[in-house]
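Fold and contact review
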Amino acid sequence: MTSNAQASVKDALTAPYGDLAFLLDLDPPMSDFRRDAHAALAARPRRISPMYLYDERGSQLFGEITRLPSYYPTQTERGILDANARDIAEAVGPRRAVFEYGAGSPEKIDRLMSLLKAPSAYVAMDISRDYLLAGMRDYAARVDFPVGAVCADFTQPVDLPKDAIGPDADWLGFFPGSTIGNVTRDAAADLLSNAARTLGPGAAFLIGLDLEKDAETLLRAYDEPEGVTAEFILNVLRRLRDELRADLDLSAFRYLAEIEDTPQRVEMSVAATRRTEISLDGERYAFAEGDRLHVSRSHKYSLQRFDALLARTPWRRAAAWTDADSRYAVCLLKHD
Ligand code: AVJ
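About the criteria used
- Residues numbered from 1 in each chain as written.
- Predicted model: local features only at pLDDT ≥ 70, side-chain atom pairs only at ≥ 80, totals over all residues.
- Heavy atoms only, no water.
- Helix = DSSP H or I, 4+ residues; strand = E, 2+ residues; numbered from the N terminus.
- Buried < 20%, exposed > 50% of the residue type's maximum accessible area, 1.4 Å probe, protein only.
- Near = heavy atom within 4 Å.
- Polar contact = N/O pair within 3.5 Å; in protein donor to acceptor, adjacent residues only side chain to side chain.
- Areas by Shrake-Rupley, 256 points an atom, 1.4 Å probe, with all protein chains shown as cover.
- Nonpolar A, V, L, I, M, F, W, Y, C, P; charged D, E, K, R; others polar.
- Pairing = 2+ DSSP bridges.
- Salt bridge = Lys/Arg side-chain N within 4 Å of Asp/Glu carboxyl O.

**Things to note about the environment of P45**
Here P45 lies in the loop between helix 2 (33-42) and strand 3 (46-47). Take P45: its relative accessible area is 62%, and that puts it in the exposed class. The spatial distance from the C-alpha of P45 to the C-alpha of L293 is 7.4 Å, given a sequence separation of 248 residues.

**Observations regarding unusual backbone geometry**
Residue P45 is bonded to the preceding R44 through a cis peptide linkage, with omega at -10°. For the bond from T262 to P263, the omega torsion is -5°, close enough to zero to count as cis. For P263, the position within the fold is in the loop between strand 9 (253-260) and strand 10 (265-272). Phi at R245 takes a positive value of approximately 60°, unusual for a residue other than glycine. By the secondary structure assignment, R245 is in the loop between helix 10 (228-242) and strand 9.

**A look at the site of the ligand**
As a structural note, the neighbourhood of the ligand is formed by Y54, F62, Y71, G177, S178, T179, N182, Y222, T229, F232, M268 and S298. A distance of 2.5 Å is found between an oxygen atom of the ligand and a side-chain nitrogen or oxygen belonging to Y71. Y222 has a polar side-chain atom sitting 2.5 Å from an oxygen atom of the ligand. In isolation the ligand offers 350 Å² of accessible surface; the protein chains occlude 96% of this area. Partitioned by chemical class, the residues of the shell around the ligand number six nonpolar, six polar and no charged.

**Some words on the sheet that holds strand 14 (residues 316-322)**
Across the sheet, which stays open at both edges, the nine strands sit in the order 1-2-6-5-4-7-8-15-14 with mixed pairing between neighbours. Looking at which strands have only one partner, the edges of the open sheet turn out to be strand 1 (13-14) and strand 14. In this sheet, strand 8 (residues 204-210) lies alongside strand 7 (residues 170-175) in parallel orientation, the contact comprising four bridges. Bridged to F175 within strand 8 is I207.

**Let's talk about the pattern of salt bridges**
All told, the structure shown has 24 salt bridges when counted by the stated rule. The partner of R284 in a salt bridge is E277, with the nearest N and O atoms 3.1 Å apart. A relative accessible area of 62% means that R284 is categorised as exposed. For D323, the salt bridge goes to R327, with nearest N and O atoms at 3.7 Å. Residue D323 is classed as buried on the basis of its relative accessible area, which comes to 14%. A cluster of three or more residues bridged by salt bridges with shared partners is formed by D55, R239 and E243.

Here it is as structure tokens:
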């Protein structure tokens, strides 16, 4: 790191920050929806980042998905944490400072923090500053251990301001929801290696993993008759139209979920149901019938394949808890 970069990291830290032990604002390069949309529509295959799904409406739709009976990951993960709370607390060990990848929902944070033995701190990292600060201020007001916030892209390594939490803290990374499945396996290995650097020696990491399974269960979870997932994925076109003022006919597109193998994953796209075009800032992007724009993916793992991936990182798997049907796993990783 150059001395300049170090200076800017220092400027990024405010400790304390109101009720928070600290705010570390690494000022993630503001993504540019308009620029990325042009690039996505011009590329072959057409592909846009799933992060553009999550405006307020998209976040609400995802919340609705997590309450659908057919979307098993959320309820299964919750069931695993509840059924194995004592075991997990024991294996993780006491007085951990928790570092969550993505600012969790209040219920998820409470579930984890109340199962752990005497947790010493909670810090969340999220790319959305407003969402992060709102959540962490509420949380800090409710608990009596320090709460911190890191505004950054969670694939990056971070220099945690350990003094603001207690320099001797033993860290526990927390990455629930099977969100790791959103990225390719190479990117997942990089993210986990960066997490090992961030959390330091002696750290543990609790991660939710959706497991490989039959295609029917996956299709029911990702393309359900209620059509909430379809609305969620089509939301990226709605944002193009409403926020970027693109000229497009939403009714000329439909949602398409496909199960692919080796590695198993769900690929989520929108597909043109007839010839149509999207016009953005005077550029016209043509779609033939069946042409797609890829929006999101969700990789599934076996414990064996996950272990093979971990072998490329400093982590090893210390334990795993699954549901009775082996649909989902909560894994505990450690490194020295
Ligand atoms: C939030 C990325 C874990 O891939 O299962 C759910 C997103 N997309 N249904 C997933 C999602 C469609 C979800 N993750």
